[in-house]
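Here's the letter readout for the chains.
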Amino acid sequence: MIEAVPGTPIRILLLEDSALDAELITAQLHLARLSVAIHRVWTRDTFLAALFERRFDVILSDHLLPGFDGDSALVLAREHAPELPFIFVSGTLTEELAVQALKRGARDYVVKQRLQRLPDAILRGLRENEELNKLRLAEENLRLSQERLQSIADALPALIGHLDAGHRYLFANDAHRHWVGLAPDRLVGMHAGDVFGRDWFAGAEPFLVRAIAGERTTFEIELPGHAGDAARHAQIDCVAEIASDGTIAGYYMLARDISELKRAELALKETNGSLERQVIDHSVALQGSESRLEAIFESSFQLQILLAPDGTIIDANVASLAAVLLEKREVRGQRLSESAWFASTPGSASVVETAIAGAADGRSSRQEFELQLATGLRSFEFSFRPLRDPAGAITAMVAEAVETTARREAERALQQAQKIEAIGQLTGGIAHDFNNILTIITGNIEVVKMLLDRPDSAEKSGRALDNALKGVSNAASLTQRLLAFARRQPLIAQPVDCRAQVLGMGDMLRRALGELVQLKIVAPEVWSVELDPAQFEASLLNLAVNARDAMPSGGALTIELGNAHLGEGDTARLPGLDPGQYVMLRVKDTGEGMSAETMARVFEPFFTTKEVGKGTGLGLSMVYGFVQQSGGQVLLESTVGVGTVVTLIFPRSMSALPVAHDGGIGSGENEKREATILVSEDNDDVRAYVVEVLRDLGYRVLEAHDGESAIRLLERPDVTVDLLLSDVVMPGMSGWELAQRARRIKSGLKVLFMSGYPRNLAANEDTVRDAGILAKPFTRSDLAHAVGLAVDGAQEKDSRRSQQRDAR
């Protein structure tokens, strides 16, 4: 039964000169549902290079190749990568050759006429390799364990021996060399009486017999000296070795030299009085030393907290206690992670526990915290260190902290200054673009004024007014780009066929790219997505122009569309996306590419590579804002000298594609309108323009310069209003508040908002749910169409909800 290996693909080095056979092998592996990554070579040099330069899981090799053969490849593989399973895949491999290959180290052989065996052979080879690796690892661990045991035993000055029930040595440490003059390997098999002497054995035998009986014994005995050394007084401990069946197989013996201890005991008895005086003197000195250490501890400006190995507080200095306004008795015995220093700061406790665990294991660490303390929000850099006794054992830990609040405030001030500088850069770009737009508008309006009195001015005046309107449209587009960059503009979202959008832009893109850039569009049928088609086209054009600028000497630009199913593993690296179905738009160029530094900042607010005054430089930031608002994500890949790939990912929409508007509601301007519209707008010029257009369209119009005036009109019993047309941002009362109060006065009142920057849209979702939003600036036809939809109730609820969600 073939089972595909989960996780990463199986990395295969394929030595095969026939491309057709390589395709057959690949197809067979895919048919078996194996995930593989195949690197094919067919010469000795490329085979060797692959072994040195890459990592593989298995080698597949043909037997006969031009100028090379599988046997030679097997020799090279055994020499340079002996751990890799080597499998022959050949059409000329006889049974005799296969047996010889297996003897020389090949793991298996498969004839090309029976390639269905190949997946099983690969998986079997990988499993065998895994088992071999486990066996090697176990053997290595056993060897290391034995070496560590020998090293530990040899490092001890005490005698350590393992003897059988007949008192013969099975193991001895190196201390025997100094005690009895025999190396450990020579002691194996010798009787303890022959090693230490029969007199010694006669005195020790009663205790040794008790050890063999299973009793733990301890006794003191004198050992004869070696090579003229004085006899040693030793304390010997014996512990029985119990076999798996419960029988006593032997015993372990530990002998410690206590000659010095015996002499010390004698000296202690002789100098007891003098020693007592010395103890008193040393105690006084120790108390003085402790007092000095305590003074240093308490006078430090650093926060210092002494911890027990289990992380509980032993002591804390004055500086640390002042930070939490507590006394020592109130914090002693508490766990540091649960104490007043960290209890009010979410997420800090786990970091502290990890640091304490590391210090308990002997590792020092540093952590930065912004802590909510009784004395306010303060920043600290903590270090956690183990404290060791003279023998090296960890007896306590210390947590020290240096306050960094002032430094962080200085850093924030610097960041603010840098941000202001960046805003200045952006302002220069905006001024540049708006000055160009204003030049177009004012210049063309002046031309119209000059031509008004001329009899043949109609055609020229029309062209000038068209150019002025284009300037207005460009200014609105720039404003929309800025709001898209800030994720604040109301997008007009609807189900869109990306394929139709991309193909429809083909001619425009070719004109924008010029003759030096070759455009290739790969646009198969894809799912529909829900987004603002105008912003989609603007983003694609933006990416194309960026790509053109990155290819000053010409190159190729490829635009690809495709469907994608993203699983949890894919969305883990795409913040904000859930597993599901998506449409991908990939824009790939062969330009100069971007450095790592540029890629790291390319989506940053205000970041631009343009010179001051050469445009806003919103670039990818505008694209990023649009895609994020549309519920998608952007992927960026770039290599200097190779090119850049920008991938826009949009969630699939299950809504039906809209039917093109044929000029129904709101298109006829000469029809008599029966509805009454209340216009609330604080800007006099805008209000006058809106009122004039609506009256010209045949509506009855009431006007108010603010929210309070509108409310007073609505409260009049003789006034009937069918639609409230209100600005969002007004002094005193916002459009949101006006709509809420108006609906309480007239239940079911239809509302249409108009705004270039609808603030707090998410917070007023209930108010907007049954209302439309007309984005400023708008034309006469935009106003007529939006009001007609609102008055006649033809606006689809699904489209409106989509608009409101994307506007957030």
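As the structure is a prediction and not an experimental result, all values here were calculated from the model. (Residues numbered from 1 in each chain as written. Predicted model: local features only at pLDDT ≥ 70, side-chain atom pairs only at ≥ 80, totals over all residues. Heavy atoms only, no water.)

**A few points about the overall build of the protein chain**
Consideration 1: When helices and strands are counted, the protein chain shows 28 helices and 29 strands.
Consideration 2: Across the 808 residues that make up the protein chain, the buried fraction comes to 41%.
Consideration 3: Summarising the internal contacts of the protein chain: among those between residues at least 6 apart in sequence, 61% fall at separations of at least 24.
Consideration 4: Accessible surface for the protein chain amounts to roughly 43,700 Å². Of this, 53% is attributable to carbon and sulfur atoms. (Helix = DSSP H or I, 4+ residues; strand = E, 2+ residues; numbered from the N terminus. Buried < 20%, exposed > 50% of the residue type's maximum accessible area, 1.4 Å probe, protein only. Contact = heavy atoms within 4.5 Å. Areas by Shrake-Rupley, 256 points an atom, 1.4 Å probe, with all protein chains shown as cover.)

**Focus on the sheet that holds strand β14 (residues 313-316)**
Consideration 1: Across the sheet, five strands lie side by side as β14-β13-β17-β16-β15; this open sheet has antiparallel pairing. Two strands lie at the open edges of the sheet, namely β14 and β15 (365-373), each paired on one side alone. Geometrically, the sheet is characterised by an average inter-axis angle of 25° between neighbouring strands, direction not taken into account.
Consideration 2: Relative to strand β16 (residues 376-388), β15 is paired through nine bridges, and the arrangement is antiparallel. The residue bridging E368 from the neighbouring strand is E381, located in β16. (Pairing = 2+ DSSP bridges. Axes fitted to C-alpha atoms, helices over the stretch in contact; angles between N-to-C directions.)

**Points about the packing of aromatic side chains**
Consideration 1: Applying the stated rule across the entire model yields twelve aromatic pairs.
Consideration 2: With a centroid separation of 4.8 Å and 65° between ring planes, the pair formed by W736 and F753 is classed as edge-to-face. With W736 in helix α25 (residues 735-745) and F753 in strand β28 (residues 750-755), this pair connects stretches of sequence that are 17 residues apart. The residues W736 and F753 share a single accessibility class, namely buried.
Consideration 3: Ring pairing ties together the aromatic residues F342, F369, F380, F382 and F384, which thus form one cluster.
Consideration 4: The lysine or arginine in question, R232, covers the ring of W179, its NZ or CZ lying 4.6 Å from the ring centre. (Phe/Tyr/Trp six-rings, centres within 6.5 Å; stacked < 30°, edge-to-face > 60°. Lys NZ or Arg CZ within 6 Å of the ring centre and 35° of its normal.)

**Observations regarding the sheet that holds strand β3 (residues 58-61)**
Consideration 1: One open sheet accounts for five strands, arranged β2-β1-β3-β6-β7; its pairing is parallel. Where the open sheet ends on each side, the last strands, each with one partner, are β2 (36-41) and β7 (108-111). Between one strand axis and the next, the sheet turns through 20° on average, direction left out of account.
Consideration 2: Note: strand β6 (residues 86-90) against β7, four bridges, orientation parallel.

**A word on the packing of helix α1 (residues 19-31) against helix α5 (residues 118-155)**
Consideration 1: Their axes nearest at 9 Å, the elements α1 and α5 cross at an angle of 75°. Considering the angle they form, α1 stands roughly perpendicular to α5. Counting all contacts with α1, which are made through I25, Q28 and L29, the residues of α5 involved are L118, P119 and I122.
Consideration 2: For the contact of α1 with α5, the per-class residue count stands at five nonpolar, one polar and no charged. (Parallel < 35°, antiparallel > 145°, perpendicular 65-115°, else oblique. Nonpolar A, V, L, I, M, F, W, Y, C, P; charged D, E, K, R; others polar.)

**Regarding helix α3 (residues 70-80)**
Consideration 1: All buried positions along α3 are accounted for by G70, A73, L74, L76 and A77. Projected onto a plane normal to the axis of α3, the buried residues spread over an arc of 165° and lie on a single side. In α3, the exposed residues that point more than 90 degrees away from the buried face are V75 and E79. (Arc of directions from axis to C-beta.)

**Quick notes on the pairing of β16**
Consideration 1: Where β15 folds back onto β16 in an antiparallel hairpin, the turn is made up of two residues.
Consideration 2: Alignment of β16 against strand β17 (residues 394-403), held across nine bridges, turns out to be antiparallel. From the neighbouring strand, F382 faces β17, where its bridge partner is A401.
Consideration 3: Linking β16 to β17, which pair antiparallel, is a turn of five residues; within it G392 sits at a positive phi near 95°.

**Quick notes on the environment of A249**
Consideration 1: In this fold, A249 is placed in strand β12 (residues 248-257).
Consideration 2: Accessibility expressed as a relative area gives 32% for A249, which makes it partly exposed.
Consideration 3: A C-alpha to C-alpha distance of 8.0 Å links A249 and I212, two positions 37 residues apart in sequence.
Consideration 4: If near-sequence neighbours (up to four positions away) are discounted, A249 is found in contact with D164, A165, E241 and A243.

**Details of the confidence of the model for the protein chain**
Consideration 1: Of all residues in the protein chain, 78% attain a pLDDT of 70 or more, and the chain-wide mean is 80.
Consideration 2: Of all helices and strands in the protein chain, the one with the weakest mean pLDDT is helix α28 (residues 797-807) (41), whereas strand β22 (residues 580-589) scores best (95).
Consideration 3: A low-confidence stretch, residues 1-5 stays under pLDDT 50, and its non-local contacts, those more than four residues away or across chains, total 14 contacts.
Consideration 4: Below pLDDT 50 for its whole length, residues 610-617 participates in 21 contacts with residues either more than four positions away or in separate chains. (pLDDT = per-residue confidence, 0-100.)

**Regarding the side chain of T345**
Consideration 1: With respect to the element layout, T345 can be found in the loop between α13 (328-331) and α14 (348-360).
Consideration 2: Residue classification places T345 among the buried positions, given a relative accessible area of 14%.
Consideration 3: Ignoring sequence-local partners within four residues, the contact set of T345 consists of E370, L371 and Q372.

**Here's the deal with unusual backbone geometry**
Consideration 1: Not every positive phi belongs to a glycine, and H167 is a case in point at roughly 65°.
Consideration 2: By the element assignment, H167 lies in the loop between β8 (159-164) and β9 (169-172).
Consideration 3: H167 sits in the buried class, given a relative accessible area of 8%.
Consideration 4: Here L325, not a glycine, exhibits a phi torsion of approximately 55°, which is positive.
Consideration 5: Relative to the helices and strands, L325 is located in the loop between α12 (318-324) and α13.

**Focus: the pattern of salt bridges**
Consideration 1: Taken as a whole, this structure holds 33 salt bridges when the rule is applied.
Consideration 2: Ionic pairing is found between D108 and R117, a salt bridge with its closest N-O pair at 3.7 Å.
Consideration 3: E260 serves as the salt-bridge partner of R263, at 2.5 Å between the closest nitrogen and oxygen. Linking R263 with E260, this pair stays in helix α10 (residues 259-270), spanning three residues, or about one helical turn.
Consideration 4: By relative accessible area, which is 55% here, E260 ends up exposed.
Consideration 5: Here the salt bridges do not stand alone but share partners, grouping E16, D21, D62 and K112 into one network. (Salt bridge = Lys/Arg side-chain N within 4 Å of Asp/Glu carboxyl O.)

**Here's the deal with the side chain of S630**
Consideration 1: With respect to the helices and strands, the residue S630 is situated in the loop between α22 (619-629) and β23 (633-639).
Consideration 2: Note on S630: relative accessible area 5%, which makes it buried.

**Brief notes about the environment of D706**
Consideration 1: Position of D706 relative to the elements: it lies in the loop between β26 (700-704) and α24 (707-715).
Consideration 2: A polar contact of 3.5 Å, which involves the side chain of D706, links it to the backbone nitrogen of E708. (Polar contact = N/O pair within 3.5 Å; in protein donor to acceptor, adjacent residues only side chain to side chain.)

**Describing the packing of helix α2 (residues 44-53) against α3**
Consideration 1: Interaxial distance between α2 and α3 falls to 11 Å at its minimum, and their mutual angle equals 20°. When the axis of α2 is compared with that of α3, the two are roughly parallel. Note on packing geometry: the crossing formed by α2 with α3 is right-handed. Two secondary-structure elements touch here, α2 through R44, F47, L48, L51 and F52 and α3 through A73, L76, A77 and H80. (Left-handed = near helix turned anticlockwise from the far one by under 90°.)

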